[in-house]
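Coordinate analysis (summary)
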Amino acid sequence: MTEEKTSVLVIYTGGTIGMTKDQRTGALVPFDFGNIYEQMPVLRNFDYRIDFHAFETLIDSSNMKPSFWISLARTIEANYENYDGFVVLHGSDTMAYTASALSFMLENLNKPVIFTGSQLPMGVIRTDGRENFLTSIEIAAAKEDNMAIVPEVAIYFENQLMRGNRTTKFNAERFNAFVSGNYPLLAEVGVHIRYNKGNILKPNFRKLKVHINLDFNVTILKLFPGISENIVRSTLSIPGLKALILETFGSGNAPTDPWFIGCLKEAIQSGLIIYNVTQCKSGSVEPGKYATGIELEHIGVIGGYDITTESALSKLMYLIGEGYSGQRLTELLQTPIRGEMTVV
Ligand code: ASP
């Protein structure tokens, strides 16, 4: 009996990586992945079966919507049994949001879902897309003892593999566009791909469960010196709002003005979830550290430890969409469920 070849499905959603220069006009147009083997004959050197699935409407990821996350999760679900791994080609602007969302939506994921993109279009000579693309395929196909080495949602960009729900886009110019400020790299790529196996989630061998009931009544309020009562009150009184991510200073600190604490307290008492996430790209919320953080804890603001804003947003959408509330929701918001936070 011949052994089945390792198989990878490449899902193309849009973004810079999929662009090439039109020979005639010089304008950037979507790359035709339909004849990828003609455009990138090197793909034939992989001993894998590589198939392509392009979304009908290719988008700049600034147009990303949760409905698209649902289609993406559905696409992975529909093909899950037929492939060993998945590569998602996605614009870098909102890649950290989509990767975070997919990590929550795909429960019991036991296969790699590797997001990648590029800063320069695939059809440009100095593109970073080619290396990102080829290495992502290799990572999505990588196995040891017949098990995927990276059975989780990750982002591969410029020689670094990061846990998807730990990332933030922090650079619009350099090829290393992403940072994982609170979690070590899953792999580093040079001459070899060096997997940091101790940092990678372990498979649980359960059946994939796809969650698509997201609740979108979530918003973000970033604190800044001088934020007015009007702004805070208006945000808190958004009709239907169920949860607010409060992007605080440093280790979870906020103004202590009585009007500010009073507004938040009132909102919490009437059922709003307020989740404390730091504006810093690295480090954790520590409510007990400063007096300016303790006040928030006292009134019932939930500390998000070192979760990123991108991850907090989709975690809230997912948990509220799944019907969690009250004490259980608070507990889950302070517990890592997909490796998205470190609780110390
Ligand atoms: N605006 C593009 C996008 O996010 C940038 C990129 O692909 O890197 O779709």
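What counts and what doesn't
Counting of residues starts from 1 at the beginning of each chain's written sequence and follows it residue by residue. Where local features are concerned, this predicted model is filtered to residues with pLDDT of at least 70; where side-chain atom pairs are given and counted, the filter is 80 or more; whole-chain, interface and lining totals use all residues. Only hydrogens and water are set aside when side-chain values are computed; all heavy atoms of the structure are taken into account. Under the DSSP-based scheme used, a helix requires at least four consecutive residues in state H or I and a strand at least two consecutive residues in state E, with every element numbered from the N terminus. By definition in these notes, contact holds between two residues if any of their heavy atoms fall within 4.5 Å. Nonpolar core, defined: a set of buried Ala, Val, Leu, Ile, Met, Phe, Trp, Tyr and Cys residues in which side-chain atoms within 4.5 Å join the residues together. Relative accessibility decides the category of a residue: with a 1.4 Å probe and only protein chains considered, values under 20% of the type maximum give buried, values over 50% give exposed, and everything between is partly exposed. Definition of nearness: a residue and a molecule or strand are near each other if at least one heavy atom of the residue lies within 4 Å of the molecule or strand. Think of a polar contact as two N or O atoms within 3.5 Å of one another; within protein, one of them needs to be a possible hydrogen donor and the other a possible acceptor, and neighboring residues in sequence only count if both atoms come from side chains. All accessible areas in this document rest on Shrake-Rupley with a 1.4 Å probe, and a residue is counted as covered only by the protein chains that are shown. Think of it as three bins: nonpolar holds Ala, Val, Leu, Ile, Met, Phe, Trp, Tyr, Cys and Pro, charged holds Asp, Glu, Lys and Arg, and polar takes everything else, Gly as well. How far a helix is expected to stretch is found by multiplying one less than its residue total by 1.5 Å. Our arc is simply the arc of the directions from the helix axis toward the C-beta atoms. Paired strands, as defined in this entry, are two strands with at least two bridges between them according to DSSP. To get an axis, a line is fitted to the C-alpha atoms, and for a helix only the part in contact is used. The angle between two axes follows their N-to-C directions and goes from 0 to 180 degrees.

Further remarks concern the environment of Val 87. Structurally, Val 87 can be placed in strand 5 (residues 85-89). Along the primary structure Val 87 and Glu 56 are separated by 31 residues, whereas in three dimensions their C-alpha atoms are 17 Å apart. Beyond its immediate chain neighbours, meaning those up to four positions away, Val 87 contacts Val 8, Leu 9, Val 10, Ile 11, Ile 114, Thr 116, Ser 136, Ile 137 and Ala 140.

All right, on to the nonpolar core then. The biggest cluster of nonpolar side chains holds 54 residues, and the ones touching the most others in it are Leu 102, Leu 106, Val 113, Phe 115, Tyr 275 and Leu 316. In this structure, Tyr 48, Val 87, Ile 114 and Tyr 183 belong to the second largest nonpolar core, which totals 34 residues.

Bringing the site of the ligand into the picture now. Around the ligand, a shell composed of Gly 15, Thr 16, Asp 60, Ser 61, Gly 91, Ser 92, Asp 93 and Ser 118 is seen. A distance of 2.8 Å is found between an oxygen atom of the ligand and a backbone nitrogen or oxygen belonging to Thr 16. One of the side-chain N or O atoms of Ser 61 is found 2.5 Å from an oxygen atom in the ligand. In the complex, the protein chains occlude 89% of the 260 Å² of accessible area that the ligand would expose alone. Across the shell around the ligand, the residue classes break down as no nonpolar, 6 polar and 2 charged.

Relative to the 16 Å expected for 12 residues at 1.5 Å per residue, helix 6 (residues 258-269) spans 16 Å between its end C-alpha atoms, a close match to the ideal helical length. Considered for burial, the residues of helix 6 that qualify are Phe 260, Ile 261, Cys 263, Leu 264, Ala 267 and Ile 268. For helix 6, the arc enclosing every buried residue in end-on projection is 160°, short of the 170-degree limit, so these residues lie on one face. Away from the buried face of helix 6 by more than 90 degrees, exposed residues Pro 258 and Gln 269 are located. Positive backbone phi, approximately 105°, marks Gly 271, located one or two places after helix 6.

The next thing to look at is the sheet that holds strand 15 (residues 193-195). Sheet strands pair by backbone hydrogen bonding; their relative direction is either parallel or antiparallel. A sheet is described by the order of its strands in space; here 8 strands give the open sequence 4-1-5-7-10-11-14-15, paired in mixed fashion. This sheet does not close on itself; its edge strands, each paired only once, are strand 4 (49-59) and strand 15. Between one strand and the next, the sheet's axes are offset by a mean angle of 20°, whatever the strand orientation. Sheet analysis places strand 10 (residues 153-157) next to strand 11 (residues 160-163), joined by 4 bridges and oriented antiparallel. What sits directly across from Tyr 156, in strand 11, is Leu 161. The strands touched by helix 2 (residues 66-79) are strand 1 (7-14), strand 4, strand 5 and strand 7 (113-116); relative to strand 4, the strand with the most contacts, the crossing angle is about 160°.

Moving on: unusual backbone geometry. Leaving glycine out, the prevailing phi sign among residues is negative, and the prevailing peptide bond configuration is trans. Positive phi is not limited to glycine here, since Asn 146 has a value of about 65°. Along the polypeptide, Asn 146 turns up in the loop between strand 8 (143-144) and strand 9 (147-148). With a phi angle near 70°, Asn 159 is a residue other than glycine that sits in the positive phi range. Structurally, Asn 159 can be placed in the loop between strand 10 and strand 11.

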